[in-house]
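Report on the structure
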Amino acid sequence: MKPYATRRAALIALMNAKGGGVAVIPTAPEVMRNSDADYPYRHDSYFYYLSGFTEPEAVVVLIAGKTNRSILFCRDKNIEREIWDGYRYGPEAAREKFGFDAAFAIDELDVEMPKLMANAPAIFYALGSDAQLDAQMQTWLQAVRAQARAGITAPAGAYDVHVLLNEMRLIKDADEIAIMKRAAAISGEAHARAMRVSRPGLHEYQIEAELLHEFRKNGSQFPAYTSIVATGANACVLHYRAGDAVLRDGDLVLIDAGCELDGYASDITRTYPANGRFSGPQKTLYEIVLAAQAAAIAEIRPGKRFTDGHDAAVRVLAQGMLDTGLLDRKKVGTLDDVIGKGDYRQFYMHRTGHWIGMDVHDVGEYRDPAPAGEEKPWRTLQPGMALTVEPGIYVRPAEGVPEQFWHIGIRIEDDALVTANGCEIITSAAPKTVADIEATMKQ
Ligand code: GLY
Ligand code: MN
Ligand code: MN
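All of these numbers come straight from a predicted model, not from anything done at the bench.

1. Let's talk about the site of ligand 1
The immediate surroundings of ligand 1 are formed by Tyr225, Asp256, Asp267, His354, His361, Glu390 and Glu413. Contacts to ligand 1 include histidine 361, whose side-chain N or O atom sits 2.6 Å from an oxygen atom. With respect to ligand 1, the side chain of glutamate 390 contributes an N or O atom lying 3.1 Å from an oxygen atom. Contact with the protein chains removes 82% of the 190 Å² of surface that ligand 1 exposes when unbound. In the shell around ligand 1, the residues fall into one nonpolar, two polar and four charged.

2. Concerning the coordination of the manganese ion (ligand 3)
Taken together, the protein donors to the manganese ion (ligand 3) comprise Asp267 (OD), His354 (NE2), Glu390 (OE) and Glu413 (OE), at separations of 2.0 to 2.2 Å. Angles of 51 to 153 degrees at the metal separate the six donor atoms of the manganese ion (ligand 3), which places the site in the irregular class. Written as a sequence motif, the donor arrangement for the manganese ion (ligand 3) is D-x86-H-x35-E-x22-E. A gap of 3.3 Å separates the manganese ion (ligand 3) and the manganese ion (ligand 2), which aspartate 267 links by coordinating each metal. Residue histidine 354 is found in the loop between helix 13 (335–341) and strand 15 (386–389), and its partner glutamate 413 is found in the loop between strand 17 (409–411) and strand 18 (414–418); the two are separated by 59 residues along the sequence.

3. A look at the packing of helix 8 (residues 174–197) against helix 9 (residues 204–217)
Between helix 8 and helix 9, whose axes approach to 9 Å, the crossing angle comes to 145 degrees. Here helix 8 and helix 9 pass one another in a crossing that is right-handed. Judged by residue contacts, Ile186, Ser187, Glu189, Ala190, His191, Arg193, Ala194 and Val197 of helix 8 engage Ile207, Glu210, Leu211, His213, Glu214, Phe215 and Lys217 from helix 9. Considering only residue class, the contact of helix 8 with helix 9 consists of seven nonpolar, three polar and five charged.

What counts as what
Residues numbered from 1 in each chain as written. Chains lettered and ligands numbered in written order. Predicted model: local features only at pLDDT ≥ 70, side-chain atom pairs only at ≥ 80, totals over all residues. Heavy atoms only, no water. Near = heavy atom within 4 Å. Polar contact = N/O pair within 3.5 Å; in protein donor to acceptor, adjacent residues only side chain to side chain. Areas by Shrake-Rupley, 256 points an atom, 1.4 Å probe, with all protein chains shown as cover. Nonpolar A, V, L, I, M, F, W, Y, C, P; charged D, E, K, R; others polar. Donors = N, O, S within 2.8 Å, 3.2 Å for Na, K, Ca; no water. Tetrahedral: all angles 85-135°; square planar, octahedral: opposite > 155°, others 65-115°. Helix = DSSP H or I, 4+ residues; strand = E, 2+ residues; numbered from the N terminus. Axes fitted to C-alpha atoms, helices over the stretch in contact; angles between N-to-C directions. Left-handed = near helix turned anticlockwise from the far one by under 90°. Contact = heavy atoms within 4.5 Å.

Note that every value here comes from positions in space, so none of it alone points to a role or purpose.
In structure tokens form, the structure reads like this:
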């Protein structure tokens, strides 16, 4: 349980730097779908980051002060419930296994919190993010204030603990990197599998089933997000979900799918021809997107800004749009005009990436600090950051747009880890070049 104890100690050090206090980080609630049937349970990422504990109804409490302590509240042992729902650690076994200084039953929370908060200088929790937690905090604070005449002081300060944790989570440690690489490898294999089984006549949902099979077979607990399997014109719908459309000879298939493994996401998009051979126009646009991605990846290294990759991708995409006639030079002018005025957005309307980690769109500021009143510059990349690189081109029919490109939607997405000198693409198990995709689909 070493990484979790190390992270708790690191957070406690940040709390002490602000004068100390008490942090409260609950896990996610269970959500009922209908009588007796819950939605699949997924822990809260912040809570898991500090605990490694996946049971519902649990709270991490950290005390930063003269003595630093980490405390876990969790469900008590309950033989009756364990017969129905399975094993629960209970406080004592959980304390031992997950390396906490103390553990209590979750039912003790309202009794223990006012004691733990008595005379603490500040509270650290996700301010205003969760109505239930805000209400609990109010109850506990009132219980502490009620003891004023006994000489007890209530916390006077409040900090958003997520702000501290977001910065920690932005830089992945060695344990996180190892899991993310495994998640990425599983997802890469799933994309290769989807390519191998695809052929005209199959439904999108049948391709989705292949992805899910590969994820789960390799130990992934869930998809990291709802899988997109979009064939033909559906590829131009950015948030399309795998549906019941049939793969047609001559159409492309765009798959955006990644598994979650042990709490970490992967996020891959590949686009390939349903029949295994790119047509001329498909290949032309594919090569532009691939070149845009390569240009973006070349901008990922320490010292570069988060948006340098996006800017590089946009340049390549915009040039490609001019070269292919997607954009009419006579109307839009030069490359710099297209970039300056944003005409490329007709075919490329999203950003080239986002942080990735425990959450697919992971936490972490996208801007560096700046003096008051000045615009914050985009974030400077550092080793340990992880981000996606996902340029695309989406051609909806419109007057003046060459018809041979209509309904083509292409995105290529990989996950990059910033290293000491550059970056490592951890999703390369998924075939990506035209030659590799066509060779994979022949198998
Ligand atoms: N799959 C979500 C995204 O690419 O951002
Ligand atoms: Mn994606
Ligand atoms: Mn993404």
